[in-house]
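Summary of the model geometry
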Amino acid sequence: MVDTSLYTAFLVAAFALCVTPGPDMMFIVAMGGRGGPSTGVMAALGVAFGALVHAVAAMLGLSALFLSLPVLYHVLRWAGAAYLLYLAVKAFRDRSGLGLDDEGTAATPGPTKLRAFGQGAVTNLLNPKVILFNVAFLPQFVNPSRGHVMGQLLVLGLTLVLLGLAVDASIGLSAGRLSAMLRRSRRMARGLDLFSGTVFAGLAVRLVAAPK
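Here is a short report on the structure shown in this document. Being a predicted model, the structure only gives us computed values, none of them experimental.

On to the environment of Thr39. Within the secondary structure, Thr39 is located in helix 3 (residues 37-60). Judged by its relative accessible area of 2%, Thr39 falls in the buried class. Sequence spacing of Thr39 and Lys113 is 74 residues, and the spatial spacing of their C-alpha atoms is 5.4 Å. Engagement of the side chain of Thr39 in a polar contact is seen with the backbone oxygen of Gly35, the distance being 3.2 Å.

Let us now look at the nonpolar core. Residues Phe27, Ile28, Met31 and Phe200 are the most contacted members of the largest nonpolar core, which totals 24 residues. Sorting the residues of this core by element identifies helix 2 (23-35), helix 3, helix 5 (70-93) and helix 9 (186-209) as the ones contributing at least two each. Ranked by residue count, the leading element in this core is helix 5, at seven residues. Not counting chain neighbours up to four residues away, the residues in contact with Phe200 comprise Phe27, Ala30, Met31, Arg34, Leu84, Leu87, Ala88 and Ala91. Formed by 13 residues, the second largest nonpolar core is a distinct cluster that contains Leu138, Phe141, Leu156 and Val167.

With that out of the way, let us pick up the packing of aromatic side chains. The tally for this structure, following the rule as stated, stands at eight aromatic pairs. Judged by centre distance (5.3 Å) and plane angle (70°), the rings of Phe10 and Phe141 are edge-to-face. Of this pair, Phe10 sits in helix 1 (residues 4-19) while Phe141 sits in the loop between helix 7 (128-137) and helix 8 (149-182), and the two are 131 residues apart along the sequence. Phe10 sits in the buried class, given a relative accessible area of 0%. The exposure class of Phe141 is buried, given its relative accessible area of 9%. A ring pair is formed by Tyr83 and Tyr86, whose centres lie 6.2 Å apart and whose planes are at 35°; its orientation type is tilted. A residue pair is termed a helical-turn pair when its members lie 3 or 4 positions apart in one helix, as Tyr83 and Tyr86 do in helix 5 at three residues. Through successive ring pairs, a cluster of aromatic residues spans Tyr7, Phe10, Phe133, Phe137 and Phe141.

It is worth spelling out helix 6 (residues 113-125) at this point. Over its 13 residues, helix 6 runs 18 Å from end to end, which matches the ideal 18 Å to within 8%, given 1.5 Å per residue. Taken together, the buried positions of helix 6 are occupied by Ala116, Gln119, Gly120, Ala121, Thr123 and Asn124. Considering only its buried residues, helix 6 is in contact with helix 2, helix 3, helix 5 and helix 7.

Turning to the side chain of Asp3, a few remarks are in order. By the element assignment, Asp3 lies in the segment before helix 1. Here Asn143 takes part through its side chain, which lies 3.0 Å from a polar atom of the side chain of Asp3. If we ignore the near neighbours within four places in the chain, the residues touching Asp3 are Asn143, Arg146 and Gln152.

Bringing the pattern of salt bridges into the picture now. Scanning the model with the defined rule gives one salt bridge in all. As a salt-bridge pair, Asp3 and Arg146 come within 3.8 Å of each other at their nearest N and O atoms. Here Asp3 is found in the segment before helix 1, whereas its partner Arg146 is found in the loop between helix 7 and helix 8, with 143 residues between them in sequence. For Asp3, a relative accessible area of 13% puts it in the buried group.

Rules of the game
Residues numbered from 1 in each chain as written. Predicted model: local features only at pLDDT ≥ 70, side-chain atom pairs only at ≥ 80, totals over all residues. Heavy atoms only, no water. Helix = DSSP H or I, 4+ residues; strand = E, 2+ residues; numbered from the N terminus. Buried < 20%, exposed > 50% of the residue type's maximum accessible area, 1.4 Å probe, protein only. Polar contact = N/O pair within 3.5 Å; in protein donor to acceptor, adjacent residues only side chain to side chain. Core = buried A, V, L, I, M, F, W, Y, C linked by side-chain atoms within 4.5 Å. Contact = heavy atoms within 4.5 Å. Phe/Tyr/Trp six-rings, centres within 6.5 Å; stacked < 30°, edge-to-face > 60°. Expected span 1.5 Å × (residues − 1). Salt bridge = Lys/Arg side-chain N within 4 Å of Asp/Glu carboxyl O.

Here you go:
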């Protein structure tokens, strides 16, 4: 069903995109920094879930609505920025320090795994640039002469999601392990929270300020 040569080219391009630092990766690093390895991995799973929804939407043609109705794009863009600012404020206001006790466990709880998953999913779903990316990127590797265009789009979308998950989960795990060592110092723990808040705020500004 999928053109082999096109799929090979897609794998190369998709891998290059996945390993290039971007908003999702920065978000996952920030989440791993706040909550540890499992939180970073769950944030990556949430981002992957959002990416899967976008891929299915592109396959069904729903994403094309954002090309014909620009107001939807801007509504989603501002909603995503507002949510990221909300996460930034939470990180800046967190005075717990999340230091570790003598046994290496968190003295005060960070983001729960379920919350990390949900925040990752919402952050990705409210980024309209992901929608437009799928509309512009995936069709380039579809061969209409082979038929089953929707099926080809689904295969490409799933491949992109799985590649992204593999890379992002590794990043989240590494960021979480590093933060677990640094959080033995309450001063460093507070610094990580400030770093996370700065990342969230920066992503919000980027989402609003970047051209369509």
